[in-house]
Amino acid sequence: MAKAQPRQIDLLGNPIEYEVRRSADANEPRIDVDIHGVTVVLPESENARPSRLLKENAAWVVDQQRKYDSYREQVPDRTFEAGECFPLLGQDRELVIESRQKHEVDEDSIRLRKSAVEQSSVKRVLENFYRSRARDYLTDRTDHYAEQMGDEYEKLELRNQRTRWGSCSTGGTISLNWRLIMAPPDVVDYLVVHELAHLTEQHHGREFWELVGEHIPEYKEKAKWLEQNSTNLIFTKSDL
């Protein structure tokens, strides 16, 4: 899919840059605002005007963007070298590069194989390490909750989505951002349940949140944590 071209609009005296994206998985027009910016998502067959949708929700959009502009200033300036700390399942771990047969993780550190780093780079090896851990962990949690909720999903995809932590297609594909492996386990579980719930309720109405609440009673707290700590889950500034 071609990258959406940015547009601009004035909302309550504030110049707002936004993108428009059409999605086969969207059931109704929506506005996504996060640390990456403002995106208007439209169903493929929808003729809604993005500018009208933004103006109707101007106060909310401006408030959300101001909040994320503040978060953006908190983005960690990570250096990819031994001694730097990186989060894994909500706990900061020191990066260690040493001669060893395979990568390992313990309570306090992530230990990368020195020979792999020498053949590539710390950044690339560490990202591959995260992606591998994410694949195993997220598959396990998705299978666990799918069984608990009585759902069957088609497949799980790992992505590096710029504007979303997860999504669920009408065909049953669950997509999760690999950077979720940096978040605490209870936050990961919330995201997994959130997307699985869309297999039954393809909206964000009362029935949807009641379903999420059956499995994650404190889901509001988890969603708030993710909103407030999203900058900690940015791998590098290039994710922005």
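Residues numbered from 1 in each chain as written. Predicted model: local features only at pLDDT ≥ 70, side-chain atom pairs only at ≥ 80, totals over all residues. Heavy atoms only, no water.

**Q** Give me the overall build of the chain: which residues, what numbers.
**A** Helices and strands together make up the secondary structure of the chain, namely seven helices and eleven strands. The C-alpha radius of gyration computed for the chain amounts to 19 Å, which stays within 12% of the reference 18 Å derived for 240 residues, consistent with globular compactness. Along the longest, intermediate and shortest principal axes, the C-alpha atoms of the chain span 60 × 45 × 35 Å. Expressed as a percentage of the 240 residues in the chain, the buried residues total 47%. Taking all contacts inside the chain whose residues are at least 6 apart in sequence as the whole, residues at least 24 apart take part in 47%. As presented, the chain carries roughly 12900 Å² of accessible surface, and 41% of it is formed by carbon and sulfur atoms. The averaged location of the 44 negative side-chain charges in the chain is 5 Å from the averaged location of its 34 positive side-chain charges. (Helix = DSSP H or I, 4+ residues; strand = E, 2+ residues; numbered from the N terminus. Rg over C-alpha atoms; globule rule 2.2 N^0.38 Å. Buried < 20%, exposed > 50% of the residue type's maximum accessible area, 1.4 Å probe, protein only. Contact = heavy atoms within 4.5 Å. Areas by Shrake-Rupley, 256 points an atom, 1.4 Å probe, with all protein chains shown as cover. Lys, Arg positive; Asp, Glu negative; His and termini not counted. Charge placed at Lys NZ, Arg CZ, Asp CG, Glu CD.)

**Q** Give me the lowdown on the packing of aromatic side chains, citing residues and values where you can.
**A** Two numbers describe a pair of aromatic rings. These are the distance of the centres and the angle of the planes. Within this structure, the stated rule accounts for nine aromatic pairs. By the ring-pair criterion, three or more aromatic residues cluster together here, those being Phe 80, Phe 86, Phe 129, Tyr 130, Trp 178 and Phe 235. (Phe/Tyr/Trp six-rings, centres within 6.5 Å; stacked < 30°, edge-to-face > 60°.)

**Q** Any details on the side chain of Arg 141? Residues and values, ideally.
**A** Within the secondary structure, Arg 141 sits in helix H4 (residues 122-149). When neighbours within four sequence positions are excluded, Arg 141 is seen to be in contact with Asp 189 and Val 192.

**Q** Kindly report on the sheet that holds strand E9 (residues 155-159), identifying the contributing residues and their values.
**A** The three strands are arranged E9-E11-E10 in an open sheet whose pairing can be described as mixed. Pairing within the sheet leaves two strands with one partner each, and these edge strands are E9 and strand E10 (166-168). Each strand of the sheet is rotated relative to its neighbour by a mean of 15 degrees, with strand direction disregarded. Of the pairings in the sheet, the one linking E9 to strand E11 (residues 173-177) comprises five bridges and is parallel in character. Following the sheet pairing, Glu 157 is matched in E11 by Ser 175. In the packing of H4 onto the sheet, the strands contacted are E9 and E11, and the crossing angle to E9 comes to about 145 degrees. Against the sheet, helix H5 (residues 185-197) contacts E10 and E11, and its axis sits at roughly 150 degrees relative to E11. (Pairing = 2+ DSSP bridges. Axes fitted to C-alpha atoms, helices over the stretch in contact; angles between N-to-C directions.)

**Q** Please set out the packing of H5 against helix H7 (residues 219-229) residue by residue, giving values where relevant.
**A** Closest axis-to-axis distance for the H5/H7 pair is 9 Å, and the angle between their directions is 105 degrees. As far as their axial angle goes, H7 and H5 are roughly perpendicular. For the pair formed by H5 and H7, the contact residues are Asp 186, Val 187, Tyr 190 and Leu 191 on the first element and Tyr 219, Lys 222, Ala 223, Trp 225 and Leu 226 on the second. Classifying every residue of the contact of H5 with H7 gives seven nonpolar, no polar and two charged. (Parallel < 35°, antiparallel > 145°, perpendicular 65-115°, else oblique. Nonpolar A, V, L, I, M, F, W, Y, C, P; charged D, E, K, R; others polar.)

**Q** I'd like a rundown of the packing of H5 against helix H6 (residues 206-215), residues and numbers included.
**A** Packing of H5 against H6 leaves a shortest axis separation of 9 Å and a crossing angle of 140 degrees. Taken together, the axis directions place H5 and H6 in an arrangement best described as oblique. Where H5 crosses over H6, the handedness of that crossing is right-handed. In this structure, H5 contributes Tyr 190, Val 193, His 194 and Ala 197 to the contact, and H6 contributes Phe 208, Trp 209, Leu 211, Val 212 and His 215. (Left-handed = near helix turned anticlockwise from the far one by under 90°.)

**Q** Any chance you could break down the environment of Phe 129 for me, citing the residues and the numbers?
**A** Among the structural elements, Phe 129 can be located in helix H4. With a relative accessible area of 5%, Phe 129 lands in the buried category. Once the C-alpha coordinates of Phe 129 and Ile 174 are considered, the two residues, 45 residues apart in sequence, prove to be 21 Å apart. Among all residues touching Phe 129, those that are not within four sequence positions of it are Leu 88, His 103, Val 105, Ile 110 and Leu 112.

**Q** Explain the sheet that holds strand E6 (residues 91-98) to me, and be specific about the residues and the numbers.
**A** With mixed pairing, four strands are arranged side by side in an open sheet as E5-E6-E8-E7. The outermost strands of the open sheet, each flanked by one partner alone, are strand E5 (85-88) and strand E7 (104-105). Here four bridges tie E5 to E6, and the two strands are oriented antiparallel to one another. The residue of E6 that forms the bridge with Pro 87 is Asp 92. Its contacts with the sheet place H4 against E5, E6, E7 and strand E8 (109-113), and it is angled at close to 115 degrees to E8.

**Q** With reference to specific residues and values, describe the pairing of E11.
**A** Taken across its five residues, E11 has five buried, putting it largely inside the fold. Side chains Thr 173, Ser 175 and Asn 177 project from E11 onto one buried face, and the interleaved Ile 174 and Leu 176 project onto a second face that is buried too. Inspection of the sheet shows E10 paired to E11 by three bridges, in the antiparallel sense. Within E11, the residue paired with Gly 166 across the bridge is Leu 176. Taking the residues that link successive antiparallel strands as the turn, the E10-E11 hairpin has four residues, and the phi of Gly 172 there is positive, at about 95 degrees.

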